[in-house]
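Summary of the model geometry
What follows is the residue order along each chain.
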Amino acid sequence: MIVIMFRVLIVAAVILLTYSIIQYFRNPQRLLENAKETKEFYYLDEQGNSKKNIRFVYKGCQFEGEKYVGTTENSFEIVDIYVTVVNPLELQGLTRDDLYYLEEELLIHYPHATINWKHPINKLLLTN
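What this report covers is the structure whose coordinates are included nearby.

Quick word on the pairing of strand E4 (residues 76-85)
Relative to E4, strand E3 (residues 61-71) is paired through nine bridges, and the arrangement is antiparallel. Across the sheet, the residue bridging to Val-69 is Ile-78, located in E4. Between the antiparallel neighbours E3 and E4 lie four residues. Of the pairings in the sheet, the one linking E4 to strand E5 (residues 114-117) comprises four bridges and is parallel in character. Paired with Ile-81 across the strands is Ile-115, a residue of E5. Since E4 and E5 lie parallel, the crossover through helix H3 (residues 96-109) that links them has a hand, and here it is right-handed.

Let's talk about the sheet that holds E4
In spatial order, the strands read E1-E2-E3-E4-E5; together these five strands make up an open sheet with mixed pairing. Looking along the sheet, the strands with just one partner apiece sit at the ends: strand E1 (42-44) and E5. Looking at each pair of strands side by side, their axes are set apart by 20° on average, direction ignored. Here three bridges tie E1 to strand E2 (residues 54-58), and the two strands are oriented antiparallel to one another. Residue pairing in the sheet places Leu-44 in a bridge with Arg-55 of E2.

Thresholds applied
Residues numbered from 1 in each chain as written. Predicted model: local features only at pLDDT ≥ 70, side-chain atom pairs only at ≥ 80, totals over all residues. Heavy atoms only, no water. Pairing = 2+ DSSP bridges. Helix = DSSP H or I, 4+ residues; strand = E, 2+ residues; numbered from the N terminus. Right-handed = clockwise from strand over helix to strand, strands pointing away. Axes fitted to C-alpha atoms, helices over the stretch in contact; angles between N-to-C directions.

Structure follows, in structure tokens:
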């Protein structure tokens, strides 16, 4: 009887360990941090939840976008996205073309949205 319980506990421990490892590698926050370290583009958003902010990383710089619902001709959609940078020092090296690329990526997911960049990003876009 004790041997059977021991075997059951070992199987349960292996299943729990496997589940924990899978959850670790699928964790969105970890994927976001990994993309930041490798300076890749990573987009994290729950499109069905308008209250959750958009988070994305591009060239090692982390951004956050606040979504606002409004009306279009036929329905309610996300019509405004206000984008801020988490750490302004990370903006070093980003160009105007990089910001246009990010706008295009956001508009792929929210075609009716107007992208509004908050300070200090808006200063680069307003400069001629």
